[in-house]
Amino acid sequence: MNPSKLIGGIALALAATAAHAQYPTKPVTIVVPFAAGGPTDTVARSIGQAMEKSLGTNVIVENKPGAGGTIGVADVARAPADGYRILIHHIGMATAPSLYRKLPFDPLKDLEYVGLINDVPMTLLVRNTLPVNSVKELIAYTKTNKDKMTLANAGIGAASHLCGLLFQQAIETDLTTVPYKGTAPAITDLIGGQVDILCDQTTNTTEQIKGGKVKALALTAPKRLESLKDLPTSAEAGLPGFELSIWHGMYAPKGTPKPVMDKLVVALQTALKDPALNKRFSDLGATTVTADKQTPDALAKHLKAEIDKWSPIIKKAGVYAD
Ligand code: ASP
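The structure contained in this document is the topic of the report that follows. (Residues numbered from 1 in each chain as written. Predicted model: local features only at pLDDT ≥ 70, side-chain atom pairs only at ≥ 80, totals over all residues. Heavy atoms only, no water.)

1. A look at the overall build of the protein chain
Counting its secondary structure elements, the protein chain contains twelve helices and ten strands. Based on the C-alpha atoms only, the size of the protein chain along its principal axes is roughly 80 × 40 × 30 Å. Long-range contacts, defined as pairs at least 24 residues apart, comprise 78% of the intrachain contacts of the protein chain with a sequence gap of at least 6. For the protein chain, the separation between the mean place of its 34 positive charges and that of its 29 negative charges on side chains is 2 Å. (Helix = DSSP H or I, 4+ residues; strand = E, 2+ residues; numbered from the N terminus. Contact = heavy atoms within 4.5 Å. Lys, Arg positive; Asp, Glu negative; His and termini not counted. Charge placed at Lys NZ, Arg CZ, Asp CG, Glu CD.)

2. Side note on the packing of helix α2 (residues 39–55) against helix α11 (residues 275–283)
Packing of α2 against α11 leaves a shortest axis separation of 10 Å and a crossing angle of 170 degrees. With respect to each other, α2 and α11 are oriented roughly antiparallel. Within the contact between the two elements, α2 uses Thr42, Val43, Ser46, Ile47 and Ala50 and α11 uses Leu277, Arg280 and Phe281. (Axes fitted to C-alpha atoms, helices over the stretch in contact; angles between N-to-C directions. Parallel < 35°, antiparallel > 145°, perpendicular 65-115°, else oblique.)

3. A word on the nonpolar core
Counting 52 residues, the largest nonpolar core has Leu124, Leu138, Phe167, Ile197, Leu244 and Tyr251 as its most contacted members. When residues of this core are assigned to their parent elements, the largest contribution, seven residues, is made by helix α6 (residues 159–171). Leaving out residues up to four positions away in the same chain, Ile197 has contacts with Leu124, Leu125, Val126, Leu138, Met149, Thr150, Leu151, Ala152, Phe167, Leu175 and Leu190. Listed in part, the 34 residues of the second largest apolar core include Val43, Ile88, Ile117 and Met250. (Core = buried A, V, L, I, M, F, W, Y, C linked by side-chain atoms within 4.5 Å. Buried < 20%, exposed > 50% of the residue type's maximum accessible area, 1.4 Å probe, protein only.)

4. Topic: α6
The first and last C-alpha atoms of α6 sit 18 Å apart over 13 residues, in line with the 18 Å expected at 1.5 Å per residue. In terms of burial, α6 is largely enclosed, as eleven of its 13 residues are buried. Those residues of α6 that sit buried are Ala159, Ser160, His161, Leu162, Cys163, Gly164, Leu165, Leu166, Phe167, Gln168 and Ile171. Note on α6: the residue one or two positions beyond its end, Glu172, has a positive phi of about 50 degrees. (Expected span 1.5 Å × (residues − 1).)

5. Structural notes on the site of the ligand
If you check the shell around the ligand, you find Phe34, Pro39, Thr40, His90, Ala154, Ala158, Ala159, Ser160, Gly182, Thr183, Asp200 and Gln201 and nothing else. Within the side chain of Thr40, one N or O atom sits 2.6 Å away from an oxygen atom of the ligand. Between the ligand and the protein, one listed contact pairs an oxygen atom with a backbone N or O atom of Ala159 at 2.7 Å. Protein burial of the ligand: of its 270 Å² of free accessible surface, 100% is covered by the chains. In this structure the site holding the ligand corresponds to the largest cavity. When contributions to the shell around the ligand are tallied by element, the ones reaching two or more residues are α2, α6 and β7 (197–201). Residues of the shell around the ligand, tallied by class, amount to five nonpolar, six polar and one charged. (Near = heavy atom within 4 Å. Polar contact = N/O pair within 3.5 Å; in protein donor to acceptor, adjacent residues only side chain to side chain. Areas by Shrake-Rupley, 256 points an atom, 1.4 Å probe, with all protein chains shown as cover. 1 Å grid on protein atoms, 1.4 Å probe; cavity = no way out; pocket = protein on both sides within 12 Å on 5 of 7 lines; lining within 4 Å. Sits in = over half its atoms within 2 Å of the grid points. Nonpolar A, V, L, I, M, F, W, Y, C, P; charged D, E, K, R; others polar.)

6. Brief notes about the packing of aromatic side chains
How two aromatic rings sit relative to each other is given by the distance of their centres and the angle of their planes. Taken as a whole and judged by the stated rule, the model has three aromatic pairs. With a centroid separation of 5.6 Å and 50 degrees between ring planes, the pair formed by Phe167 and Phe242 is classed as tilted. Taken as a pair, Phe167 in helix α6 and Phe242 in the loop between α9 (234–237) and β9 (245–253) lie far apart in primary sequence, 75 residues in all. Comparing Phe167 with Phe242 shows no difference in burial state: the two are buried. Taking NZ or CZ as reference, Lys26 lies 4.6 Å from the ring centre of Tyr84, over its face. (Phe/Tyr/Trp six-rings, centres within 6.5 Å; stacked < 30°, edge-to-face > 60°. Lys NZ or Arg CZ within 6 Å of the ring centre and 35° of its normal.)

7. Details of the layout of surface pockets
By rolling a water-sized probe across the atoms, one finds the places where empty space is left. In this model, the largest pocket occupies a volume close to 380 Å³. Taken together, 22 residues form the lining of the largest pocket, with Thr220, Pro222, Glu243, Leu244 and Ser245 sitting closest to its centre. Looking at the lining of the largest pocket residue by residue, the classes come out as twelve nonpolar, five polar and five charged. (Points joined across faces, edges and corners; volume = space filled by probe spheres on them.)

8. What about the pairing of strand β6 (residues 176–179)?
In this sheet, β6 lies alongside strand β5 (residues 150–153) in parallel orientation, the contact comprising four bridges. Across the sheet, residue Leu151 finds its bridge partner in β6, namely Thr177. (Pairing = 2+ DSSP bridges.)

9. Side note on the pairing of strand β1 (residues 28–32)
Within a regular strand, the side chains alternate between the two sheet faces. Across the five residues that make up β1, a large majority, five, are buried. Residues Val28, Ile30 and Val32 of β1 are buried on one face, and the alternating residues Thr29 and Val31, pointing to the opposite face, are buried as well. As defined by bridge partners, β1 adjoins strand β2 (residues 59–63) across five bridges and the pair is classed as parallel. Note that in β2 the partner of Val31 across the bridge is Glu62. On the question of chirality, the crossover connecting β1 to the parallel β2 by way of α2 is right-handed. Inspection of the sheet shows β1 paired to strand β3 (residues 85–89) by three bridges, in the parallel sense. In the sheet register, Val31 faces β3, and the bridge partner there is Leu87. (Right-handed = clockwise from strand over helix to strand, strands pointing away.)

10. Brief notes about unusual backbone geometry
In the segment running from Tyr23 into Pro24, the intervening peptide bond is cis, with an omega of -5 degrees. On the secondary structure map, Pro24 appears in the loop between α1 (3–22) and β1. Positive phi is not limited to glycine here, since Ala67 has a value of about 50 degrees. Relative accessible area serves as the criterion here: at 38%, Ala67 is assigned to the partly exposed category.

Put into structure tokens, the structure is as follows:
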């Protein structure tokens, strides 16, 4: 090989190693694949703020909504693998491969895993003006009014979409769905009475329920939440199989150098120990995962297991997007 080329190559490699060792030297952006103001956004902003100290730089949240979260994931999968553009996403990462015929990324090949973050149950909500106050009344009302009723969601593959699918299966009724770019705009329309039903994470709904802006009929968890004590579980409300817990994880583009990944992992783990962050999560019904799950390996294993779990359920539901 030409000696000057070799020296040039070595110099470049040394410069890259030094840059990785100094990471981060500028703000880090967390991409959220849904609209601002929704539950994924809330989780990302809380985590981002809590990671700033350990990273020693600002963490900015950027919303890249659309197509049930897949546009935002594709954005990060294609971003430079330097740790400056990372992603927070939920269970939708595991359901997208079964729901989308043409997915612009492979969750098992195109990303590095930082760690799991938290688990969040969902709430079944109706607009305040809908004349029902329980799941039983909603089922009865749906029997005669089904054709004029609407179920909002944040697009195919969103948690609200999955929850809506499970709800329709549980009540054996198909409803007209209205997709949004996130559940922040969907809940605004639910409050305004433009849509009838929405299933959304407690991270977005707790304050709206407590403020009396929407009616909550059931919690998709086996146990009641301390933060929403009066809300019955699905089983208590008469729909025992209607359970869904939404997990969040943090990702980086494939090929992000190990020293950079190590810093992101430490920053995430440090953030998840922050008492203020944990208090905020628990006030919003979210549970931080245990320390053994806050690792790249745990997220990789969980993602694979969830892809395998949801594939037959989605096939059975027969729902696809192009
Ligand atoms: N809760 C939304 C969902 O249904 C996403 C969001 O707006 O954060 O997936």
